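Structural overview for review
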Amino acid sequence: MAVKHALLVVFVALALSASACGGEFGSSPTGPSFTIPIGGSSPPPAPSPASPTALWNALPEEEKAFLRVFNLKNFGRGNVTVRHGTIPIPIWIAPELKREDVAWGMNLWPTAVSGVSFRVVSSETEATILLRNELKPLELRETHVQCAVMVSQINSGGVIYQTIIYLEFGLRAGCDDSSFPTVRLVVAHELGHAIGIGGHPVDGGIMSGWGEFVPSFIAKGMSLVYLVPPGTRIE
């Protein structure tokens, strides 16, 4: 009999604004098209001839340490990779959001991480990432005061099957900074959580809340995650 695991984690965008981000990982069932420039979009990687163990063994220790803390999960069978199963990742964007705010983050991750790309879809039901311009649910408001929060659902196969990113800029007191740089960086940060980075690595660039780049240890570590199927045991 299959055992379902529930996993819920909340992430916050640290110093990107006075009160920028939060996020959660959880678990359950799998979960007008317009053009947005995604100059760095990369196609799914070709299958690697090397085994997952060989790929892991070849990874520098810094990348291994990053993945152990910020991506790999133990579902009773050792550390396995956690990522979206469909590439390009279908993403729905609320019509009220400025496309230039979203496009920067959607370009950043495919440029840095091999195997990651996004596809904008016209309805929420088609998407595995929902980018909403609305207040976060009541149950998150007391514990997560930031202006952005991400909630992801992960099944026991290591598949992220739904991610919701709530952006509250301009919707409540303390979240009135809707300037292009701030929103752009917050969206990029939350997309980093959405693709499978479960926290805020030290010296993590965009994921630490102080940079506009993806450092190499994150790029290489997440490239390995997207080189193998979700739920792959690599250690």
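Structure shown above.
All of these numbers come straight from a predicted model, not from anything done at the bench.

The next subject is the side chain of Ser223. For Ser223, the location among the structural elements is in helix α6 (residues 216-225). The class of Ser223 is buried, set by a relative accessible area of 18%. Separated by 3.0 Å, the side chain of Ser223 and the backbone nitrogen of Ser114 make a polar contact.

The next subject is the nonpolar core. Formed by 59 residues in total, the largest nonpolar core has its most connected members in Leu67, Trp109, Phe118, Leu167, Leu191, Ile218 and Met222. At seven residues, helix α5 (residues 180-194) tops the list of elements feeding residues into this core. Among the nonpolar cores identified, the runner-up in size contains five residues, and Phe75, Val80, Val82 and Ile154 belong to it.

Look at the link from Ile87 to Pro88: it is a cis peptide, with omega at -5°. If you trace the backbone, Pro88 turns up in the loop between β4 (83-84) and β5 (89-93). The backbone phi angle of Asp203 is positive, close to 55°, even though this residue is not glycine. The residue Asp203 is located in the loop between α5 and α6 in this model.

How each quantity is defined
- Residues numbered from 1 in each chain as written.
- Predicted model: local features only at pLDDT ≥ 70, side-chain atom pairs only at ≥ 80, totals over all residues.
- Heavy atoms only, no water.
- Helix = DSSP H or I, 4+ residues; strand = E, 2+ residues; numbered from the N terminus.
- Buried < 20%, exposed > 50% of the residue type's maximum accessible area, 1.4 Å probe, protein only.
- Polar contact = N/O pair within 3.5 Å; in protein donor to acceptor, adjacent residues only side chain to side chain.
- Core = buried A, V, L, I, M, F, W, Y, C linked by side-chain atoms within 4.5 Å.

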